[in-house]
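# Structural overview
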Amino acid sequence: MTKDYKKKSVPGFFLFFAATLQEALHLRSNRHVSSMVILRQILFTGYEALPLISFLALAIGGLIILQGTNLLSNFGQGIWVHIVLVTVVVNELSGILTALVVVARSGTAISTELGNMKVRREIDLIESFGISPIGYLVVSRIIGVVVAMVVLVVYFNVIAILGGWLFSRIFNHLEFRAFMNDFLSILKLSHVVSSLIKSVVFGIIISSFSTYQGMSVRHASTEVPQRTIRAVVTSIFAIIVSDLLITWLFWVFR
Amino acid sequence: MKITFENVSSLEGIRNLDLELDLSHVTVLYDPSEILSHAILNAIVGLDELWDGQILVDGIPHWQYLDQEPQARSFGYVFDEGIMLSNLSLKENLMLPLRWLNPDLDEGETQKMIDSWMQRFDLNLDLSQRPVVYRPGELKLLSFVRTLMIAPKVLLIDDPYYMLNKTERQKLYRILCNLKNSNPMLIASIDDDFGSGFADEIIDLSGKQGNLVSVASLS
């Protein structure tokens, strides 16, 4: 089955995903999966994205508090700005914005790297050793991206909340304890669970679409940018659709 | 080891090929177009997609044979371009198939083995560097080291002289002559060095695609 993914089509993606799943399910006994590749992926996707995520989260948290306070104060409801922070940041923006950053940095990098490896016949080399390229290159990258995505979303939430408090402190002279009391009184377990589920799903989407497009390059280097663009577009589309679906499911079963 | 192609057609250009390869000695596939010989080597290691027919290894279907034991132990493939993984250091490249075959590899023993092969190939490279730092010819010789370290049953070599300068060609020829008696080889080449004097058997594929012209046993 591992070779059937080479057929370029929608069923091709599902065959590729099934082959990946099959290798991932036998993770413990699977020597094809490389811990070195996983660690390098976590380092690149997670650690090296921290400065950008920090800036984005701090700014978003602060902006929401600023805009929310401005808007809600008109109705004498300024205290409820924390609801906006929980709803908008924890439920939605942390996942979506982190996913967009990961698509832009890691999705493109994975697709380009694998595409170039295909052109330079490095994947043929791996196969000639009897090592499964799906296990060695794909499963390892998917695990790396998913782990990094979960960590980044949690980190985004923490920094955005701190950003929210920082701006509340500057403009409303609100103490940290008071801010956190208001925030925690509104935050529910379901918000955290939904945010974590989204991060896992987005991580799987980004890494599987990017690896599939990279592995679908045949021989020409001109295919690499085309496949990378396709990886970005399909990832963003799938992220938005899955976000709507998960949010709807949480709304139905709340 | 005997490899039999039974009416094989493939994606890379093999058409209705019937061929029997005796891999107990050195066999050279003479193919000026290089397409068919390259496709045959690729098919043996499972890189070509078969459309029709089957490949048998000692009478067992090819895929079944490769399931029984690690592929790298059976066939050590040296690509014409001496491919290295560009995101790994040279040492990591050398270690990749070895680690895959033996995860509990002794670091000291492996280093000794690497040093010995590097000395044999007269290669003086900084193995902590990435492949991009070195010339293609040096990387090609290093790819021979990587394959020989695994000690495969059969050495498959695609166009041995490709990318090598005159000195490197002479060096490689000497080394392969020394290995000839202990390592069965299947070589795809159009060079005279391998066409005469070196091979135990030459298979002439210079006719139309997939048509065998002649098999000459020189031993």
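Heads up: these notes are all about the structure in this document. In this text the structure is predicted, and so the values were computed from the model without any measurement. (Residues numbered from 1 in each chain as written. Chains lettered and ligands numbered in written order. Predicted model: local features only at pLDDT ≥ 70, side-chain atom pairs only at ≥ 80, totals over all residues. Heavy atoms only, no water.)

Our focus in this paragraph is the overall build of chain A. Counting its secondary structure elements, chain A contains nine helices and zero strands. In sequence order, chain A lays out its α and β elements as α-α-α-α-α-α-α-α-α. With the principal axes as the frame, chain A shows a C-alpha extent of 70 × 35 × 30 Å. Across the 254 residues in chain A, those meeting the buried criterion constitute 49%. (Helix = DSSP H or I, 4+ residues; strand = E, 2+ residues; numbered from the N terminus. Buried < 20%, exposed > 50% of the residue type's maximum accessible area, 1.4 Å probe, protein only.)

Below, the discussion takes up the environment of isoleucine 14 of chain B. Residues and elements named next belong to chain B. Inspection of the secondary structure assignment puts isoleucine 14 in the loop between strand 1 (2-10) and strand 2 (17-22). On the accessibility criterion, isoleucine 14 (0% relative accessible area) is buried. Distance in space between the C-alpha atoms of isoleucine 14 and aspartate 48 is 9.4 Å, their sequence separation being 34 residues. Contact partners of isoleucine 14, with chain neighbours within four places excluded, come to Phe5, Val8, Ser9, Leu36, Ala39, Ile40, Ala43 and Asp48. (Contact = heavy atoms within 4.5 Å.)

Often the size quoted for an interface is simply the accessible area lost on bringing the parts together. Listed by partner, the interface residues are 20 residues for chain A and 25 residues for chain B. Between chain A and chain B, the buried area comes to about 2100 Å², and carbon and sulfur atoms account for 55% of it. Counting across the chain A and chain B interface gives three salt bridges. A salt bridge links arginine 40 of chain A to glutamate 92 of chain B; the shortest N-O distance between them is 3.1 Å. Here chain A and chain B share six residue pairs in polar contact (both at pLDDT 80 or more) between them. Contributing elements (two or more residues each) for the side of chain A that touches chain B: helix 4 (81-119), helix 5 (122-128) and helix 6 (133-172) of chain A. Sorting elements by how many residues they give to the side of chain A that touches chain B places helix 5 of chain A first, with six residues. When the residues that make up the side of chain A that touches chain B are grouped by side-chain class, the tally is six nonpolar, three polar and eleven charged. (Buried area = accessible area lost by both parts, 1.4 Å probe. Salt bridge = Lys/Arg side-chain N within 4 Å of Asp/Glu carboxyl O. Polar contact = N/O pair within 3.5 Å; in protein donor to acceptor, adjacent residues only side chain to side chain. Nonpolar A, V, L, I, M, F, W, Y, C, P; charged D, E, K, R; others polar.)

Attention now moves to the packing of aromatic side chains. Residue and element names in this part refer to chain A. According to the stated counting rule, one finds 14 aromatic pairs over all chains in the structure shown. Ring plane angle 75° and centroid distance 5.5 Å describe the contact between phenylalanine 13 and phenylalanine 14, whose orientation is recorded as edge-to-face. On the basis of relative accessible area, phenylalanine 13 is assigned to the buried category, the value being 11%. Judged by centre distance (5.3 Å) and plane angle (55°), the ring pair of phenylalanine 16 and tyrosine 212 falls under tilted. Placement of phenylalanine 16 in helix 1 (residues 10-25) and of tyrosine 212 in helix 8 (residues 189-215) is noted, with a sequence separation of 196 residues between them. The burial state of phenylalanine 16 is the same as that of tyrosine 212; both residues are buried. Three or more aromatic residues joined by ring pairs make a cluster, and in this case those are Phe13, Phe14, Phe16, Phe17, Phe209 and Tyr212. Lying over the aromatic face of phenylalanine 44, arginine 105 brings its terminal NZ or CZ to 4.6 Å of the ring centre. (Phe/Tyr/Trp six-rings, centres within 6.5 Å; stacked < 30°, edge-to-face > 60°. Lys NZ or Arg CZ within 6 Å of the ring centre and 35° of its normal.)

Let us look at the nonpolar core. By size, the foremost hydrophobic cluster in this structure holds 97 residues, and its most contacted members are Ile3, Phe5, Leu21, Ile40 and Phe75 of chain B. No other element matches helix 6 of chain A, which puts 16 residues into this core. By size, the runner-up hydrophobic cluster in this structure holds 37 residues, among which are Val78, Leu98, Leu127 and Tyr161 of chain B. (Core = buried A, V, L, I, M, F, W, Y, C linked by side-chain atoms within 4.5 Å.)

All names here are of chain A. The N-to-C vectors of helix 4 and helix 9 (residues 223-252) enclose an angle of 150°; their axes lie 9 Å apart at closest approach. Here helix 4 lies roughly antiparallel to helix 9, going by the angle between them. Seen from above, helix 4 lies across helix 9 with right-handed handedness. The residues of helix 9 that touch helix 4, namely those facing Glu92, Ile96, Ala99, Leu100, Val103, Thr108, Ser111, Thr112, Gly115, Asn116 and Val119, are Val224, Arg227, Thr228, Ala231, Val232, Ser235, Ile236, Ile239, Ile240, Asp243 and Thr247. Here the residues of the contact of helix 4 with helix 9 are counted per class, giving eleven nonpolar, eight polar and three charged. (Axes fitted to C-alpha atoms, helices over the stretch in contact; angles between N-to-C directions. Parallel < 35°, antiparallel > 145°, perpendicular 65-115°, else oblique. Left-handed = near helix turned anticlockwise from the far one by under 90°.)

The subject of this paragraph is the side chain of lysine 171 of chain B. Residue and element names in this part refer to chain B. Tracing the sequence through the fold places lysine 171 in helix 7 (residues 166-179). One buried charged residue, lysine 171, forms no salt bridge at all, with the nearest opposite charge on aspartate 122 at 4.4 Å. Apart from the residues within four sequence positions on either side, lysine 171 is in contact with Phe121, Asp122 and Leu141. (Lys, Arg positive; Asp, Glu negative; His and termini not counted.)

Right, let's talk about the sheet that holds strand 1 of chain B for a bit. Residue and element names in this part refer to chain B. In space, the four strands of this open sheet follow the order 2-1-4-5, with antiparallel pairing throughout. The sheet is open, and its two edges are formed by strand 2 and strand 5 (60-61), each paired on a single side. Of the strand pairs in this sheet, strand 4 (residues 50-57) and strand 5 are connected by two bridges, and their pairing is antiparallel. Along strand 5, the bridge assignment pairs valine 57 with isoleucine 60. (Pairing = 2+ DSSP bridges.)

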